[in-house]
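Listed below, chain by chain, are the residues.
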Amino acid sequence: MSTKGSVEIKVELSCPAPLPVKDTILLGHGSGGKLSAALIRDVFLPAFQNPALARMDDQALVDINGQRLAITTDSFVVKPLFFPGGDIGSLSVHGTVNDLAMGGATPLFLAAAFIIEEGFSIDELRRIVSSLQRAAHDAGVQVVTGDTKVVEKGKGDGLFINTTGIGLVPNGLELSADRARPGDKILLSGSIGDHGIAILAQREGLEFETEIQSDSAALHTLVVAILAAVSRTTSDLRCMRDPTRGGVSSTLNEIAQQSRVGIELEESVLPIRDQVRGACELLGLDPLYVANEGKLIAIVAPDSANAVLQAMRDHPLGAEAQIIGTVSKKNAGLVTMRTPLGTTRIVDMLAGDQLPRIC
Amino acid sequence: MKYLDEYRDQRIARALAAEIAQCTNQPWVLMEICGGQTHTIMRYGLDELLPREIELVHGPGCPVCVTPLETVDKAIEIALLPNVTLVSYGDMLRVPGSRSDLLRAKAQGADVRIAYSPTEAVKIARANPDRRIVFLAIGFETTAPANAMAAWQAKREGLTNFSMLVSHVLVPPAIRALMVSSSNRVQGFIAPGHVCTVVGCQEYEELVRDFRIPIVVGGFEPVDILQAVLMLIRQLESGEARLENEYVRSVSYQGNLPAQQIMAEVFEVADQKWRGIGSIPRSGLRLRREYAAYDANQVFDLSDLTIDEPAECISAQVLQGLKKPTDCPAFGMRCTPENPLGAPMVSTEGACAAYYHYRRHSVAS
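Residues numbered from 1 in each chain as written. Chains lettered and ligands numbered in written order. Predicted model: local features only at pLDDT ≥ 70, side-chain atom pairs only at ≥ 80, totals over all residues.

Q: Can you break down the overall build of chain B residue by residue, with the values?
A: Along the backbone of chain B there are 16 helices and 11 strands. Projected onto its principal axes, the C-alpha positions of chain B cover 65 × 45 × 45 Å. Across the 365 residues of chain B, 56% fall into the buried class. In chain B, the proportion of contacts linking residues at least 24 apart, taken out of those at least 6 apart, comes to 77%. (Helix = DSSP H or I, 4+ residues; strand = E, 2+ residues; numbered from the N terminus. Buried ≥ 20, exposed ≤ 12 C-beta atoms within 10 Å, placed from the backbone. Contact = placed C-beta atoms within 7 Å.)

Okay, structure coming up:
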């Protein structure tokens, strides 16, 4: 649009008019990117206004008689149900346990709901339930209630699981995505993109020389190690997030926006396995947008960053931890990255799902 | 990782940039043809490493961007028919047609699937004899052999439920159209390495001869592109115009002969409309008469769509290297990847999307 004097001149673009994104739900609304954020902002937040929800973290914190309770819920619709490194049963424990742990909570109890499609194999269901039970046992949580629904053939995709978890948060611990401050360090607990590429490879029948394993894991013991490292300077730990769908980039963009700071990443130190990198190069995907299910990002004040990094590296789930960037005053709300060539680019939040490139 | 790390090496890239700066004595306008190369330039900020005298303009080589509106509309129309499965490369799904896009058609119940290779569509056809499978066969010479192979395979197997909606474009006629345009500013081309891997270099040699313009066949990694820029600048500064090959690890002079053979067997050269640019004579491929049974245009009774795009479109000027995406008043405001006004904002290889995703901060500052 340009103006000449006071008359507004319309520039005719030949391209078609923009398509409204508000009419129907697209798959992209579930991608964890900008479409998901818009859906939450326009539909859900206005309906359920309350202070716990307004924090917009992975878990809600509520106070009951002086006890700080963390609550979270997550639905699992992964295809295939079984994949290298896990299955929908273990994943539905890890996902919810991690959402609790990112708030510093000790996970205690889970509720699990199963939506099963008519015709589903009971044997497979048994395998999934026993995997869920094993994962819960290993994570020290109990499944204390549940629900089962069966939908008609064709009305569900085999099996969906929802888990809800509660845990206790120690007093004095304040973690939130709006607490990042300029100078803080960005710590990542290990290699990125493993889960998303493992699922994609399995689903699309892509074969690589070595099988890519999902990183699906419960991270609460890693969180305990991190909390121990900052036990005397708790406020130095600003926030923790697990970069699941939408990947590291979506998580960091959310933190940059909520804290109104810039985030500067260093591309050369990003831990990415060769197989994942190879698969991403081949398919035209960026590992920064690929899902993880056993990694966490911690934003830590500079004075405690090395102690937290060491604590992570001493834990089996954080052995490959790295400081991948710094919080800055510049470019508030944006994530930027220094490329291996020393130039800078934006790491944008995607609108919807990442689509493979044509060539 | 071999074949990647050495082509992204900071020391080599910096050394090349220094050498380019040393060789450059006057302003030059260079065009990289391929969207993949534009993507690399933006992602790695290569233009920041070059001296001010060198201006990189971005060519029409984004297959998604130049696919005509009519093709997108036809694909949506076919996808919404009963008993049809439409198979497409992933990044076509978000491209807006005149009213909708394939992702929306999918949300309305159309069976739209993403494939990594067109032969997957043939596999789907084989496994679902009661459904009609249509592959949206778009792209440059790079995707043409595989697309041809899908039609060839379907014909050999006698599949009656497989067809292709073809919208194929060719690079050399587009370069020719740019060169004969009176508004052309381009003084040297980085030719698309993967296109040349398939078709070889001969046609580019003809372009060099006809227009006395240097062309370097270039790869897609940062070091490839800087090396290609250096080769072009050396030629330009010394008044030469030759065809050179920077992408020797992939491109041979004669190209991939079996790939050319299957292309020639299945496709023939035809006039082709380019989105945002218009019709360019003999710049596309269509299925030969022997493959009419596999042509979705023949198989389906499609409404005769012609949608005109005004010639003054800014995306046309972007695709011809006359304007930068940031010259567009809608860039980043009314036109974003969530609400693209035009195709170059849709695909990651589109120049507008590459600027938006990677370089908004330098635009703002």
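Q: Break down the overall build of chain A for me, with residues and values.
A: A count of helical and extended segments in chain A gives 9 helices and 16 strands. The C-alpha radius of gyration computed for chain A amounts to 21 Å, which stays within 12% of the reference 21 Å derived for 359 residues, consistent with globular compactness. Here chain A, with 359 residues, has 48% of them falling under the buried criterion. (Rg over C-alpha atoms; globule rule 2.2 N^0.38 Å.)

Q: Please give an account of the sheet that holds strand β10 (residues 185-188) of chain A that cites residues and values.
A: All names here are of chain A. The strand order β11-β13-β10-β14-β12-β15-β16 describes an open sheet built from 7 strands, whose pairing is mixed. The sheet terminates laterally at β11 (237-241) and β16 (344-346), the two strands that pair on one side only. Here the strands of the sheet are splayed against their neighbours by 25° on average, with no regard to which way each runs. (Pairing = 2+ DSSP bridges. Axes fitted to C-alpha atoms, helices over the stretch in contact; angles between N-to-C directions.)

Q: So what's going on with the packing of helix α8 (residues 144-157) of chain B against helix α13 (residues 257-266) of chain B? Which residues, and what values?
A: All names here are of chain B. Taken N-terminus to C-terminus, the directions of α8 and α13 make an angle of 55°; their axes are 8 Å apart at the nearest point. For the element pair α8 / α13, the angle class is oblique. When you trace α8 past α13, the crossing you get is left-handed. For the pair α8 and α13, the contacting residues are Ala144, Pro145, Ala148, Met149, Ala151 and Trp152 in the first and Ala259, Ile262, Met263, Glu265 and Val266 in the second. Its residues placed into classes, the contact of α8 with α13 shows 10 nonpolar, no polar and 1 charged. (Parallel < 35°, antiparallel > 145°, perpendicular 65-115°, else oblique. Left-handed = near helix turned anticlockwise from the far one by under 90°. Nonpolar A, V, L, I, M, F, W, Y, C, P; charged D, E, K, R; others polar.)

Q: Describe the sheet that holds strand β8 (residues 215-218) of chain B, and please don't skip the residues or the numbers.
A: Backbone hydrogen bonds are what pair the strands of a sheet, in a parallel or an antiparallel way. All names here are of chain B. The strand order β2-β1-β7-β8-β9 describes an open sheet built from 5 strands, whose pairing is parallel. Each having just a single partner strand, β2 (54-61) and β9 (243-245) make up the two edges of the open sheet. Taken pair by pair, the neighbouring strands of this sheet meet at an average axis angle of 25°, ignoring direction. With 6 bridges joining them, strand β1 (residues 28-34) and β2 adopt parallel strand pairing. When the bridges of β2 are listed, Cys34 appears paired with Gly61. Packing against the sheet, helix α2 (residues 35-43) makes contact with β1, β2, β7 (188-192) and β8, and its axis sits at approximately 120° to β1. Relative to β8, helix α11 (residues 202-211) is tilted by about 155°, and along the sheet it contacts β7, β8 and β9.

Q: Account for the nonpolar core, with residues named and values stated.
A: The biggest cluster of nonpolar side chains holds 216 residues, and the ones touching the most others in it are Leu187(A), Ile226(A), Val308(A) and Met164(B). Mapped onto the domain boundaries, this core takes at least three residues apiece from domain 1 (59-168) and domain 2 (185-346) of chain A. Aside from chain neighbours lying at most four places away, what touches Leu187(A) is Ile297(A), Ala298(A), Val300(A), Ala305(A), Val308(A), Leu309(A), Met312(A), Ala321(A) and Ile323(A). (Core = buried A, V, L, I, M, F, W, Y, C linked by C-beta atoms within 7 Å. Domains from an automatic or database assignment.)

Q: So, unusual backbone geometry: which residues are in play, and what are the values?
A: In most cases, non-glycine residues show a negative phi, while peptide bonds are predominantly trans. Going from Lys79(A) to Pro80(A), the amide bond is cis rather than trans, its omega being -5°. One non-glycine residue, Asn331(A), adopts positive backbone phi at about 50°. Mapping Asn331(A) onto the fold places it in the loop between β14 (322-328) and β15 (335-338). Since 19 C-beta atoms lie within 10 Å of it, Asn331(A) is described here as partly exposed. Located in the positive-phi region is Asn83(B), a residue other than glycine, with phi close to 70°. Here Asn83(B) is to be found in the loop between α5 (69-79) and β3 (84-88).

Q: I'd love a proper account of helix α3 (residues 88-101) of chain A, names of residues and values included.
A: An α-helical segment advances 3.6 residues per turn. Residues three or four places apart therefore align on the same side. With 14 residues, α3(A) ought to run about 20 Å at 1.5 Å a step, and its terminal C-alpha atoms sit 20 Å apart, in line with that. With 14 of 14 residues buried, α3(A) lies mostly within the body of the structure. (Expected span 1.5 Å × (residues − 1).)

Q: How would you explain helix α4 (residues 122-138) of chain A if you had to name every residue and give the values?
A: End to end, α4(A) covers 24 Å across 17 residues, agreeing with the expected 24 Å (1.5 Å per residue, within 8%). The positive-phi residue at the C-terminal boundary of α4(A) is Gly140(A), with phi of around 70°.

Q: Can you lay out the packing of α3(A) against α4(A) for me, pointing to particular residues and giving the numbers?
A: To describe two helices that pack against each other, one gives the angle between their axes and the distance between the axes. Residues and elements named next belong to chain A. Interaxial distance between α3 and α4 falls to 7 Å at its minimum, and their mutual angle equals 35°. Crossing handedness for the pair α3 and α4: right-handed. Residues Ile88, Gly89, Ser90, Ser92, Val93 and His94 of α3 form the contact with α4, whose own contacting residues are Ile128, Val129, Ser131, Leu132, Ala135 and Ala136. Residues that form the contact of α3 with α4 fall into these classes: 7 nonpolar, 5 polar and no charged.

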